[in-house]
Amino acid sequence: MGQAGTAAFGGGGVFHGKVIGPFGVAEYNRTRNVFCAGIAAYTRVSDRTEAAMSDNALSPQKNHRRLAETLVDRFAQRMRDGVLVRGEKLPSEIHIMEAEGVSRTVVRDALSRMQAAGLVETRHGVGTFVLDMPPPEGFSVGPATIATVADVLNLLEFRLSLEVEAAGLAAQRRSPEALLELKRAFDALLEGPQKSGTTINADFQFHLKIAKASGNAYLIDIMKHLGTKLIPRTRMNSAYTGQSDRNAYLAGINAEHRQIYNAIAEGNVDAARAAMYLHLNGSRMRLRRTQALYSD
């Protein structure tokens, strides 16, 4: 395990050139046991899932999904580059089929995805037309800008640049009230699957409370702007079909959340940064692995 990982798990070390002191021994032992159990469970799930997905990598359904995703990527990029502009009519389904070498079903699936993402609109009997893309000089994160897995990966990289520092600031500045709110958000995250069957909103609230604990109004505003769109869980769920597998996967994720909370609660600035980095980078690597399996 690297130095950053050592720091995040309470053993002391160096992160970003700074010396990190150890957690309290008792707390370290408790969190280490929870974390290791969660990671072990996640690893078992990941291995089983990847094996199952690899066995069926060439199935028609998955190949269809991959082709539709690729087609959406291509059209979205053309819109960003200004090759396709607002109001412009897309080529006919037959033309797209011939140009891209895909079936009509793939084309229709891709068009449906672009409609759902707000990239295009279809006028019955007329055709499909391009809608507005966000201006390059303005900041906007919404359905039109998170249309593909690549967009989600870019968003995770963006979050890394913000939330690692937010976690450090939260550890440095958190008030008793802010820490209590963060603890409640973490508890809700653990209870989510039993109460509502989903943890997406609870996950967002946990990260939002960290921003609030940082005391930085801009971090709070940008997290509110991103909303639940910043949680990549919906892109991952298709890889975890069994309830037991999903529970084990969430246990691994929540072990990472626990490390973040513990570091902030202890006021360990560098450990909080390291734990947040490991969490977000782990999400990025998990999503990349899933994307690679569908792209083979």
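Residues numbered from 1 in each chain as written. Predicted model: local features only at pLDDT ≥ 70, side-chain atom pairs only at ≥ 80, totals over all residues. Heavy atoms only, no water.

If you check an unreviewed UniProt entry, the protein appears there as Transcriptional regulator, GntR family from Pseudomonas syringae pv. theae.

*Asks:* Go over the overall build of the protein with me, naming the residues and quoting the values.
*Replies:* When helices and strands are tallied, the protein shows twelve helices and four strands. Buried positions account for 46% of the 296 residues belonging to the protein. Residue pairs at least 24 apart in sequence account for 73% of intrachain contacts in the protein once pairs closer than 6 positions are excluded. Accessible surface, the protein: about 14300 Å² in total, of which carbon and sulfur atoms supply 53%. (Helix = DSSP H or I, 4+ residues; strand = E, 2+ residues; numbered from the N terminus. Buried < 20%, exposed > 50% of the residue type's maximum accessible area, 1.4 Å probe, protein only. Contact = heavy atoms within 4.5 Å. Areas by Shrake-Rupley, 256 points an atom, 1.4 Å probe, with all protein chains shown as cover.)

*Asks:* Tell me about the nonpolar core, and name the residues and values.
*Replies:* Counting 24 residues, the largest nonpolar core has Leu182, Phe206, Ile210, Ile260, Ile264, Ala272 and Met276 as its most contacted members. Here this core takes six residues from helix α7 (residues 176-195), the largest share from any one element. In contact with Met276, other than residues within four places in its own chain, are Glu163, Val164, Ala167, His207, Ile210 and Ile260. Formed by 19 residues, the second largest nonpolar core is a distinct cluster that contains Val72, Val102, Leu119 and Val120. (Core = buried A, V, L, I, M, F, W, Y, C linked by side-chain atoms within 4.5 Å.)

*Asks:* Give a description of the pattern of salt bridges that names residues and reports values.
*Replies:* Throughout the structure, instances matching the rule amount to 15 salt bridges. Between Glu165 and Arg273 there is a salt bridge, and its shortest N-O distance comes to 3.3 Å. Here Arg273 lies in helix α12 (residues 269-295) and Glu165 lies in helix α6 (residues 149-173), a separation of 108 residues in the sequence. A residue is classified by how much of its surface remains accessible, and Glu165, at 33% relative accessible area, is partly exposed. What makes Arg273 buried here is its relative accessible area of 12%. Salt bridges sharing partners connect three or more residues here, namely Glu69, Asp109 and Arg113. (Salt bridge = Lys/Arg side-chain N within 4 Å of Asp/Glu carboxyl O.)

*Asks:* For the pairing of strand β3 (residues 120-123), give the residues involved together with the corresponding values.
*Replies:* Sheet topology note: the β3/strand β4 (residues 127-130) ladder contains four bridges and is antiparallel. Pairing of Glu121 across the sheet is with Phe129, part of β4. (Pairing = 2+ DSSP bridges.)

*Asks:* Before we move on, can you summarise the side chain of His257 with the specific residues and values?
*Replies:* Inspection of the secondary structure puts His257 in helix α11 (residues 243-266). You can call His257 buried: its relative accessible area is 0%. Among the polar contacts listed, one links the side chain of His257 to the side chain of Asp203, at a separation of 3.4 Å. Excluding residues within four positions of it along the chain, His257 makes contact with Phe186, Leu189, Asp203, Phe206, His207 and His279. (Polar contact = N/O pair within 3.5 Å; in protein donor to acceptor, adjacent residues only side chain to side chain.)

*Asks:* Tell me about the packing of aromatic side chains, and name the residues and values.
*Replies:* Summed over the entire model, instances satisfying the criterion amount to two aromatic pairs. Their ring planes at 50° and their centres at 6.0 Å tell us that Phe186 and Phe206 sit as a pair that is tilted. With Phe186 in helix α7 and Phe206 in helix α8 (residues 200-214), this pair connects stretches of sequence that are 20 residues apart. Summarising the burial analysis for this pair, Phe186 and Phe206 share the class buried. Judged by centre distance (5.8 Å) and plane angle (0°), the ring pair of Phe186 and Tyr261 falls under stacked. With Phe186 in helix α7 and Tyr261 in helix α11, the pair connects residues that are 75 residues apart, well separated along the chain. Note on accessibility: Phe186 and Tyr261 belong to one class, buried. (Phe/Tyr/Trp six-rings, centres within 6.5 Å; stacked < 30°, edge-to-face > 60°.)

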